[in-house]
Every structure is written in C-alpha cells, then in structure tokens.
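The chain contents come next:
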Amino acid sequence: MDKRLRRILPTVQKPARYTGGEYNEIIKDKRDVRLRMAFCFPDTYEIGMSNLGMRILYGCINAVPEFWCERVFAPWGDMAEAMRRENIPLYALESGDPVGEFDVLGFSLGYEMAYPTVLDMLDMAGLPLRSAERRELVPLVFAGGTGICNPEPMAPFMDLMALGEGEELDLEILRLFQRARDEGWTKRAFLLEAAKIPGVYLPSLYEPVYNADGTLAEMKPLPGAPERVTKRIVEDLDRAYYPTAPIVPSTEIVHDRVNVELFRGCVRGCRFCQAGYAYRPIRARSPETIIAQGIESIKNTGCQEATLLSLSSSDYRRLGEVCDGLLEYCEPRSVSLSLPSLRADNFSMELMSRLQKVRRGGLTFAPEAGTQRLRDVINKNVTEEELLNTCRIAFEGGWNGIKLYFMLGLPTETDEDVVGIAELADKVLHTWRKYSPHKQRGVRITVSTSCFIPKPHSPFQWEPQVTMDEYRRRVKLLRENIRARNVQYNWHDADTSFIEAALSRGDRRVGEVIEAAWRRGARMEAWSDYFDFKRWLAAFADRGLDPAFYATRERGEDECLPWSRVNMGVKTELLLRERHRAYEARLSPDCRVQCSACGASELLPKGVRCDG
Amino acid sequence: MDKLRLRFEKSGKAAYISHLDLLHVVQRVFLRAGTPLKYSEGFNPHAIISICVPLSVGMESVCELMDFRVTREIDLASLPEELNAVSPEGLRFLVCYEPARKAAEIKWLRCEGLLEYDNGAPDISALAEFYSRESLPVLRRTKRGEGVLELAGNARDFAFEPAEGGVRLRCTVSAAEPAVNPELLVRALEQLAPELKPDFASWKRLEFYDKDMTAFR
Ligand code: SF4
C-alpha cells in the first residue's frame, strides 16, 4: 500500500471502503491482461457496492481472461480532501493503481445528481474533463446507465455513451478499443468505428442547433452519425452472465445482501416512471435459473439475506415457485428472503407473511397519488379498496408500521388530490384501529412526498415541473391536513428536485453548467451534506442559463428534445398517446392484459414475445 | 466441545476493518466454510462470537483471539485452513482450540511500533531515555471525557532498533485496567517531548500475556 495512503487512512471515516481486499474481489496479474478498465461509480462505496448493475458488469467484464476490470468509487469529502492534499491520485481498489494509467474508464450513471461527481473523479484521476481535450486514444472515457438515457448533459465529457444493458455492448466496445490501441489508431478513427456498434452514442457526431428562444432546433447528425441510436438489451436472461460469486464487503454498505434478479422491464406502465419505459421489453428468467443462481450466491457469500430484485417483483409470474425453491434452501439455514417492491394486493401480502416469519417491521407502499382520479391519470393501477384491504391483512398479521410514498406536482393535480393523501392516511389509520389485534403496541404511519420530476423517455417527458413555490404550497396544504399524531409526514426539499429536473431534461449547454457547478465545488450532490442550491443557481447564471427553462417549462410536442437521437425501444407515438390518455384519466391495460404495441418487443429476436 | 477459541492475524488491508465490521465479516467466513455456528436465542438471532480484546482500526495484529460456539463436534485441526480458504485478504486463522482460560485473565500486551520520521530519526537513546522517565502523564480522551493516564509502569520492557524511515520500537503495555492503547506512546511524545514526535506511527500486536507474563492462549 502506498505510504501516503497508509498515513491518511487512519484519519478518515470508514477507511475500509478505500482499501479493497474483500472476499471474492477479482485480482489478476497485470502482466497477463491485455486491457485494464476502471469501473467508476460516481458515488460512495456503500452506494456503489449496493448496485446490481455494477456487480453484473464487473463480473461480466472480468469473465474475459484478457480484461481486468477494477472498481473505483468516489471518496467521501474527508478522504477526497486528504487525497488532494497529499497528491494521491484517484486509484482503483483492486490493484491500488492510479486510474489515470488505465486503458479505459467506464462510468456507471444511475442518476443525474451524480454528474458533477463524474467530473470530480476525472479531475482526481488527473485527466482533462472534456473529451475534446483528451486527444490521445488512451484512456477511453465512456458512460452507461439510465442516467445517460438523455446523453446530452454529460456529452462534452464522454468519448462515447453506451445505451441500454451493458453485458454484450461493453465487451464489444472494449474489444474494438483493444484492437484500435494495438494497431495504433487515432482517437477519431476509433470513435467513428465505435459509432457503428449498435447502442453506441457518439456525442461528437451530433451538433445541437438552437432557436432564438433557446429551444433546440435540431440535433444535427454529422457524417457517420446514425439517424437514431437504439439501446441494447440482453435477449435471453437465462443465458446471460450473472454474478453468483459477488464481492462480500468487509464494511457496512446500504444493501448488504444477495441480489436475485427475476426479470427486466415492467408490465405496469406508470406514466411518470422512466424505468418502466426505458427498461422494456419485459424479459424473465426461468425459476430454475433464479433458484440455482440464488443458492449459488448465498453459498459463495455467506450472506444471510437475499432479495428478489426487479422493478415490480410481485409481477413475476412464477414468484410462488421461486419462493418455494429458495425457501427450501434458506429456511433451514436462517437466511431471510425479502421482496423490495411490493404491490398492494392480497397475493403480495400472503407472500410477505411467508417470507417474513419473524421480523415484522415496516411495510412500504407507493400509491403515488391521493385520489383515484389522479392515480388513473398516472396509470397507477391500485384502488383505495385494494390498498386498505392490504393494510388490514398487514395489521391483522402483526405489522405495526406502514410507509406510504406519494408525489406532489403530478400533471393535473388539484388541491383536492393533495388533501386526498391526508385522507388516505387517515383511512389507513382507521383500518389499524379496527383490525389490529395488539393496539397497545401503537402504529407508525409515515407519509412521504417527493416533488414530481418529469423524466426523458416517459409519457410525461413534455410536462412542466411545478414551481418550487407551488410545491411548497402543496406541502403546506398537506401538512395542515395531516392531523393524527400517529401519522408522520416527511417531504423532500423543493430545491434538490428543481435542480434534478433541470439536469434531467437538459441539453448540451447544461453540460457547461455541470462543469461550472463543479468548478464552484459541487460533488456528491445527491447527498444533503453536500448539495448547495445557491451554487447551482450561480452555475446556471455563469453560463447565462435559467434552470426554470429546463425544469418548469412545458415542452411543445413538436419540440426537438435533447434525447431525440436516442431510441430506448418505446415509440414516441406511444408516449404521446399515453400522455393524452392521462389527461382523460384513462387507464391503459398492463402488458399482460393487452400489449399496446409500444415497439419495445422489436428489440427481441424475431418471433420472441415480451415476458418470455 | 462447545466453546472454542481461534487465534488469528489481522494485517494489511484487513487492518482497516473496524471491530464491529469484523464480527460481521467473520460470521460470513464461518458460514461460507460451513462451520456449525451456534446462534443466540430470541427475536433476532446472531452468532455468538466475541473478540477477546478489540483492536483499533488501522492497527495490525498477529495474536488476535476470538471466542465462538458451535453446535456439534468439528475437526479443530483443519478448521483454520478451511476458514482461510474463504477469508478476505489480510485475515488469517492460525489455530483453533478449546480455551482453558477466560479472556479476563489477559493483562499485558507485547506490541511493535514503527515510528516514521521524514526528516531523519532522533537518536534511539533519546527515545529510550524518554520512555524510562519516572512519570509519563498523558492526556487522553475517553468516552467519559478527558483524563490523564500515567504511562510509567503501564508500558515497559522497551526495545528500539533503527528501521527504514525511522525507529522500530517494541514494548509491553497494560492490556487491562488500565487498557493502554499503544498509540498513547506517540501521544506522550507529542505532549511531553514534541522534538521526538514522529511524522507517523503504525502498530502491530505481537502477543498477549497474563499477569505473570505467561503467554495467554
Ligand atoms: S411490446 Fe407490448 S408487452 Fe412488450 S413492453 Fe411494449 S406494450 Fe408491453
């Protein structure tokens, strides 16, 4: 270990997150590998190590003998400061080698607030921030993840973007890069060739042209640019790589458990949900594969908790079978099984009762809106009756805490909808009074609201966000209407949501803002410890831009959107149709009841239907 | 066979695993190795594992002791290797046995420190002289606030030798009543002889002893 590092580690919080050396970490001999990649996660170790995507790609890339993929996380403030003071460059956990010496840096971007951290990591690695300033072929700096399904805000900094799932795409990029490096290509020559790989978005091949009013006139394709770049998917999950010997952290992380992935995509089609559209089409793993992978992972890690992961796990068709198979292994070994995303229906509750035999802490539901009308607007297909019925089963079954998640500022929301949230919480409380067998223990009902953020590639991508003042007014209205002592109300800050909304639908000029914010000290902005609203306003002002233009302005349906060159699989006409149906509070059936021909199944091989 | 004791090393990267995290790490090592650990009864069962003398983060050790319980007979001779095969880097199990003595009988700790001086080490004799002072009161912060600990009598049998980048020091400190963290030896230099204060110091535990200076196992 580096002597300078040895000296600072004892002085920082939780040093074990900066050392590597965990069980199942992949170590290779530098002399045996032909290409070294730094998998960079622009957040803390605790967050990054809890990310399934990161774990899949880490294993998948390392499965190629001549590639060595190592992990890099963003150091917490105290460590970042100490490293800068001691001139220690950003290093990878496995080898301890400086990231700047790697062949490839791949950033995994899951959320917009991580953008400035990417710049900070590049800077700590000693690399120029902008793709254009990195003239040499090596190192290649690219990004993937849902945080770039609007690639434009980060476009100035990335050599290329990998759209969609990375299991195959990343390897194709790395193989081409290896050839380019071995044959001594120029960076330009490599990038032009890479742009031919389906799923690769090359920012330098599209030139944003703006109208006088600041809106986009077009994303002008330059020679060699594909009309649109279509995201990549893994076609057959049963045959896809899955990490069954994942790294076991030696220190606490956010979700320290074995992840068992059931399926990708979501059948529900909630209209506010980016993931619900961006992860289509629906592809399921077979119960046999899931059970085998789950047991393997538990054996290889010694974890005592496994979770069945998916966007909406209770929608997995053969969930009962999977649970039986896993419980048979888990129960005698005191390994607990959990379902993170629950629907408020009887089936899910029965399942929860089976899974959580001992610990009955809190249950979480996300009705998202307080009235049936607004739930219909967003296509959240849950009725009050279903929700209350589920709560009744939960209370009768011994649960005494329920968390309810809502959004404020959804399209068409009225004060009645806001007050409806308080009324719904009251009804949940009444249900508890009526049905709980042990009232002496009391009940905790928590209502949380966040501010709706319109996201690219969702039917609400054209919607304005409500202003911060309006959001605050609705928070106040709701607060005044929640009177019961057993109901606790938490709300998200208006300012973080506003900035997130501005970044999320930003164009390439927002990249300049991100850089300005970083120059003013922004990093780790997803953390309230670090988020600084005034700094963001100053950064927008530095570039002569107004965040409200991006956040609270309704986009014309014919307006050119910054992500218009990206095809996530779902047709724009379908998104528009869903938007219009929302205004009529008209539900759309889920994919299983009736396929609405969204276009995503065209990503599958001919003849293969969604939900395998 | 029910109560067992393991002696193990914690060094290199593993030195940064905190005491609480270590209990968790070790529990998973046992699970991966298939050791039949005994769990506590009750609502939230946890493995019955205890580390005899908790080690500070960043400090290495070649003499850690850990007590645990099993539900059936196991092969003690092969256990350390089975555990090592599924352990993170820097954690190495040495030997497993049925303990004859209680951890409360631990009284002394032999340890080794490397005092690093970036601009040349002081004379060894100056250090030796310092640590043989009749009184070495060190101010230290504990959970109960600030207090003064008298090092003289609680740190003894010093030996020094020149080492790369500084001076290697060996000494025996009281491990219980009072528990003297070897780092206090550097605090003492800072407070009482700043001209001898190193730029950095790292520590390693070598061996535990009882009150009669018999190695504790
Ligand atoms: S193609 Fe049909 S079934 Fe598949 S995701 Fe789209 S709407 Fe759902």
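Residue numbers here run from 1 along each chain, matching the order of that chain's written sequence. All chains are assigned letters beginning with A, and all ligands numbers beginning with 1, in the order in which they are written. In keeping with the model being predicted, local features are shown solely for residues with a pLDDT of at least 70 and side-chain atom pairs are shown and tallied solely at 80 or more, while totals for entire chains, interfaces and linings include all residues. Values shown for side chains rest on all heavy atoms present in the structure; no hydrogens or waters enter the calculation.

Honestly, the domain arrangement of chain B in this entry has me stumped. Any pointers?
Reports often express the size of an interface as the amount of accessible area lost when the parts come together. Residue and element names in this part refer to chain B. Note: domain ranges come from an automatic or database domain assignment. Parsing chain B into structural domains produces domain 1 (3–100) and domain 2 (104–209). Averaged C-alpha coordinates put domain 1 and domain 2 at centres separated by 28 Å. The contact definition used throughout considers only heavy atoms, calling two residues in contact when any of these lie within 4.5 Å. Between domain 1 and domain 2, the residue contacts involve 13 residues of the former and 11 residues of the latter. A simple way to read buried area is as the amount of 1.4 Å-probe accessible surface that goes missing from two parts once joined, with both sides added. Carbon and sulfur atoms make up 59% of the surface buried where domain 1 meets domain 2, a total of about 1,000 Å² over both sides. Counting the surface domain 1 buries against domain 2, the share from its top three residues, Val 53, Met 59 and Cys 63, is 47%. Take a side-chain nitrogen of Lys or Arg and a carboxyl oxygen of Asp or Glu: if they are within 4 Å of each other, that pair is a salt bridge. Taken together, the links from domain 1 to domain 2 amount to two salt bridges. The partner of Glu 207 in a salt bridge is Arg 7, and the shortest N-O contact between them spans 3.0 Å. Here a polar contact is taken to be a pair of N or O atoms separated by no more than 3.5 Å, where protein atoms must pair a possible hydrogen donor with a possible acceptor and residues adjacent in sequence count only if both atoms sit in side chains. At the boundary of domain 1 with domain 2, the tally comes to eight residue pairs in polar contact (both at pLDDT 80 or more). Comment: elements are numbered from the N terminus, with helices defined as DSSP H or I runs of at least four residues and strands as E runs of at least two. It is strand S3 (residues 60–69) that contributes the most residues to the side of domain 1 that touches domain 2, six residues altogether. The residue classification treats Ala, Val, Leu, Ile, Met, Phe, Trp, Tyr, Cys and Pro as nonpolar and Asp, Glu, Lys and Arg as charged. All others, Gly included, are polar. Looking at the side of domain 1 that touches domain 2, its residues break down into eight nonpolar, two polar and three charged.

I'm lost on the pattern of salt bridges in this one. Help?
When the charged atoms of two side chains lie near each other, side chains of opposite charge can form a pair. Residues and elements named next belong to chain A. Under the defined criterion, the tally for this structure stands at 81 salt bridges over all chains. With a closest N to O distance of 3.2 Å, Asp 159 and Arg 134 form a salt bridge. In this pair, Asp 159 sits in the loop between strand S4 (140–144) and strand S5 (160–162) while Arg 134 sits in the loop between helix H5 (115–124) and S4, placing the two residues 25 residues apart along the sequence. Since its relative accessible area comes to 2%, Asp 159 is described here as buried. One salt bridge in this structure joins Arg 232 and Glu 172, with 2.7 Å as the shortest N-O distance. In this pair, Arg 232 sits in the loop between strand S9 (229–230) and strand S10 (258–261) while Glu 172 sits in helix H6 (residues 166–183), placing the two residues 60 residues apart along the sequence. The exposure class assigned to Arg 232 is buried, which follows from its relative accessible area of 14%. Here the salt bridges share partners, and the residues they tie into one network are Glu 165, Glu 167, Glu 261, Arg 264, Arg 283 and Arg 285. To sort residues, take the accessible area from a 1.4 Å probe on protein chains only and compare it with the maximum for the residue type: under 20% means buried, over 50% means exposed, and anything in between is partly exposed.

Honestly, the nonpolar core in this entry has me stumped. Any pointers?
Among soluble globular proteins, nonpolar side chains are generally buried collectively. As used here, the term nonpolar core means buried Ala, Val, Leu, Ile, Met, Phe, Trp, Tyr and Cys residues forming a set that is joined through side-chain atoms within 4.5 Å. Ranked by size, the top nonpolar core spans 153 residues in total, and within it Phe 107, Met 154, Leu 160 and Phe 190 of chain A carry the most contacts. Considering every element that reaches this core, the biggest residue donor is helix H14 (residues 415–435) of chain A, with nine residues. In contact with Phe 190 of chain A, not counting residues within four places along its chain, are Leu 137, Leu 140, Leu 160, Ile 173, Leu 176, Phe 177, Ala 180 and Trp 185 of chain A. Membership of the second largest hydrophobic core comes to 38 residues, among which are Leu 127, Phe 160, Leu 169 and Phe 216 of chain B.

For this particular structure, what's the right way to read helix H1 (residues 19–33) of chain B?
Given 3.6 residues per helical turn, the α-helix brings residues three or four places apart onto the same face. Between its first and last C-alpha atoms H1 of chain B spans 21 Å; for 15 residues at 1.5 Å apiece the expected length is 21 Å, and the two agree. Considered for burial, the residues of H1 of chain B that qualify are Asp 21, Leu 22, Val 25, Val 26, Gln 27, Arg 28, Val 29, Phe 30 and Arg 32 of chain B. If you follow the buried residues of H1 of chain B, they end up packed against helix H9 (287–301) of chain A together with strand S1 (3–10), strand S2 (49–51), S3, helix H2 (79–84) and strand S4 (91–97) of chain B. Directly beyond the C-terminal end of H1 of chain B, a positive phi value near 80 degrees is found at Gly 34 of chain B. One less than the residue count of a helix, multiplied by 1.5 Å, gives the span that helix is expected to have.

Please explain the environment of Ser 338 of chain A as it appears in this structure.
Residue and element names in this part refer to chain A. The topology assignment puts Ser 338 in strand S14 (residues 336–338). A polar contact of 3.4 Å, which involves the side chain of Ser 338, links it to the side chain of Glu 305. At 3.1 Å, the side chain of Ser 338 and the side chain of Thr 307 are in polar contact.

Would you explain the interface of chain B and chain A in this entry?
Contacts between the two partners involve 24 residues from chain B and, on the opposite side, 30 residues from chain A. A buried area of about 2,200 Å², summed over both sides, lies between chain B and chain A, and 51% of it is on carbon and sulfur atoms. One salt bridge in this structure joins Asp 256 of chain A and Arg 28 of chain B, with 3.1 Å as the shortest N-O distance. In this structure, the connection of chain B to chain A is made through 10 residue pairs in polar contact (both at pLDDT 80 or more).

Just to check I follow, could you spell out the sheet that holds S5 of chain A for this structure?
Sheet strands line up and pair through hydrogen bonds in the backbone, either parallel or antiparallel. Residues and elements named next belong to chain A. Think of it this way: DSSP has to see at least two bridges between two strands before they count as a pair. Read from one edge to the other, the open sheet built from six strands follows the order S2-S1-S3-S4-S5-S6, with strand pairing classed as mixed. Each end of this open sheet is capped by a strand with a single partner; those strands are strand S2 (67–73) and strand S6 (200–201). The pairing of S4 with S5 spans three bridges and is classified as parallel. Paired with Gly 144 across the bridge in S5 is Ala 162. Seen against the sheet, helix H3 (residues 52–62) touches strand S1 (35–41) and S2 and runs at an angle of roughly 155 degrees to S2. The axes used here are C-alpha line fits, helices contributing only the stretch in contact, and every angle between their N-to-C directions lies in the interval 0 to 180 degrees. Where H6 meets the sheet, it contacts S1, S2, strand S3 (104–108), S4, S5 and S6, and its direction lies at approximately 135 degrees from that of S1.

I tried to follow the side chain of Lys 380 of chain A on my own but got confused; where do I start?
Residues and elements named next belong to chain A. By the secondary structure assignment, Lys 380 is in the loop between helix H12 (372–377) and helix H13 (384–396). Among buried Asp, Glu, Lys and Arg side chains, Lys 380 stands out as unpaired, with Glu 368 the closest opposite charge at 4.2 Å. The residues contacting Lys 380, other than those within four sequence positions of it, are Cys 270, Ala 366, Pro 367, Glu 368 and Arg 375. The charge count includes Lys and Arg as positive and Asp and Glu as negative, but it does not include His or the ends of the chains.

How should I be thinking about the domain arrangement of chain A in this particular structure?
Residue and element names in this part refer to chain A. One can read the domain layout of chain A as domain 1 (3–230) and domain 2 (261–341 + 570–612). Listed per partner, the contact involves 10 residues of domain 1 and 10 residues of domain 2. Summing both partners gives a buried area of about 770 Å² for domain 1 against domain 2, and 47% of it is carried by carbon and sulfur. Looking only at domain 1, the three residues that lose the most surface to domain 2 are Leu 52, Thr 146 and Glu 165, adding up to 52% of its buried area. On the surface where domain 1 and domain 2 come into contact, there are three salt bridges. Where Arg 283 meets Glu 165, a salt bridge forms, and the shortest distance between an N and an O atom there is 2.8 Å.

Please explain the environment of Leu 319 of chain A as it appears in this structure.
Residues and elements named next belong to chain A. Relative to the assigned elements, Leu 319 resides in helix H10 (residues 319–330). Leu 319 sits in the buried class, given a relative accessible area of 0%. Considered as a pair, Leu 319 and Tyr 91 are 228 residues apart in the sequence and their alpha carbons are 42 Å apart.

Would you mind showing me how to read the pairing of strand S6 (residues 137–142) of chain B here?
Within a regular strand, side chains alternate between the sheet's two faces. All names here are of chain B. Pairing geometry for S6 and strand S7 (residues 145–150), over six bridges, is antiparallel. Looking across to S7, one finds that Arg 140 is bridged to Gly 147. The turn linking S6 back onto S7 is made up of two residues.

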